[in-house]
Amino acid sequence: MNSHLPNRTNPRRHLRQRPLAIAVAVGAGLLLGACSTTTTGMGGGDLIVAGKKTDEPVLISWTSDSGGLSGTMVATLPERTYQGPFFEITQQTREETLAPLWVGWGPGWREWPYWTRPPLDPYVSSEFVTHYSGKVVANLSAPDGNRMRCRLHLMQPVRGMAGGGQGECQVTGGSTVEARF
């Protein structure tokens, strides 16, 4: 046998390399798992009908796979449940990302301004690209076609929806919900 050739069948050599390979595999798995964490939260609100607070309970919940930047929101009112997308406005948000929120509300939300702009120009595309606002918008719908739109303010914007917040939701027909999560 040639002693100057490497011993490719030495079992001790493989045992020394195995802990490193296992550590790398476990580390990669943990990193991937951290990136795909689902976050959820719950809250509630007060239903306002014809300008008067009712005693009817409102439950609001949300789920996100993006760290709370976007996801699905569900609002359960006494007569129906609404569900749909929500988006936190950040530097990465693009105007086209928010396009689904205008569906079912005529010319967008022009008559229900959220930003401090004249009623004819409540959302300028540069606001969605250049400023972090700590604001969340949502457009929910019920199976019967009724809609609910929400404008929410985050209490701790760095934590996203998980940091809590409050705001207002408007239901087709004029009722509102004072929301807290």
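Bear in mind that the values here come from a model prediction, so they are computed numbers and not experimental data.

Visitor: Explain the state of the cysteines here, please?
Guide: By definition, a disulfide links the sulfur atoms of two cysteines through a covalent bond. For the coordinates displayed, the defined rule picks out 1 disulfide. There is a disulfide in this structure between Cys150 and Cys169, and the S-S distance comes to 2.1 Å. Here Cys150 and Cys169 share a disulfide; its torsion about the S-S bond, 110°, makes the bridge right-handed. Residue Cys150 is found in strand 6 (residues 147–154), and its partner Cys169 is found in strand 7 (residues 165–171); the two are separated by 19 residues along the sequence. Both residues of the pair, Cys150 and Cys169, count as buried.

Visitor: Would you mind going over the environment of Gly174 with me for this structure?
Guide: Within the element layout of this structure, Gly174 appears in the loop between strand 7 and strand 8 (176–180). As for Gly174 and Val49, which are separated by 125 residues in sequence, their C-alpha atoms are 7.7 Å apart.

Visitor: Help me understand the confidence of the model for the chain in this model?
Guide: Reading fine detail from the predicted coordinates is not recommended where pLDDT is low. This prediction gives the chain a mean pLDDT of 76; 65% of its residues lie at or above 70. With pLDDT under 50 throughout, residues 13–35 is counted as low confidence; its partners more than four residues away or in other chains account for 2 contacts. Considering only residues more than four positions removed or in separate chains, one finds that residues 125–131, a stretch of pLDDT under 50, has 21 contacts.

Visitor: Please explain the sheet that holds strand 5 (residues 135–141) as it appears in this structure.
Guide: The strands that make up a sheet pair up through hydrogen bonds in the backbone, lying either parallel or antiparallel. The 8 strands are arranged 1-2-3-4-5-6-7-8 in a closed barrel whose pairing can be described as antiparallel. The average undirected angle you get between the axes of adjacent strands in this sheet is 25°. Across 4 bridges, strand 4 (residues 81–88) lies against strand 5 in antiparallel orientation. In the sheet register, Phe86 faces strand 5, and the bridge partner there is Ala138.

Visitor: Can you help me understand the packing of aromatic side chains in this one?
Guide: For any pair of aromatic rings, geometry is given as the distance between the ring centres together with the angle between the planes. On inspection of all chains with the given rule, the structure shows 1 aromatic pair. With a centroid separation of 6.2 Å and 80° between ring planes, the pair formed by Trp62 and Phe86 is classed as edge-to-face. Remark: Phe86 occurs in strand 4 and Trp62 occurs in strand 2 (residues 52–64); sequence separation between them is 24 residues.

Visitor: Help me out: how do you make sense of the pattern of salt bridges in this one?
Guide: It is possible for side chains bearing opposite charge to pair when their charged atoms get close. For the structure shown, the criterion picks out 5 salt bridges. The closest approach of N and O atoms between Asp46 and Arg180, which form a salt bridge, is 3.3 Å. Here Arg180 lies in strand 8 and Asp46 lies in strand 1 (residues 39–49), a separation of 134 residues in the sequence. Using a relative accessible area of 40% as the deciding quantity, one classes Arg180 as partly exposed. Its salt-bridge partner being Arg80, residue Glu79 comes within 3.7 Å of it at the nearest N-O pair. Residue class for Glu79 comes out partly exposed when judged on its relative accessible area of 46%.

What counts and what doesn't
Residues numbered from 1 in each chain as written. Predicted model: local features only at pLDDT ≥ 70, side-chain atom pairs only at ≥ 80, totals over all residues. Heavy atoms only, no water. Disulfide = S-S within 2.5 Å. Helix = DSSP H or I, 4+ residues; strand = E, 2+ residues; numbered from the N terminus. Buried < 20%, exposed > 50% of the residue type's maximum accessible area, 1.4 Å probe, protein only. pLDDT = per-residue confidence, 0-100. Contact = heavy atoms within 4.5 Å. Pairing = 2+ DSSP bridges. Axes fitted to C-alpha atoms, helices over the stretch in contact; angles between N-to-C directions. Phe/Tyr/Trp six-rings, centres within 6.5 Å; stacked < 30°, edge-to-face > 60°. Salt bridge = Lys/Arg side-chain N within 4 Å of Asp/Glu carboxyl O.

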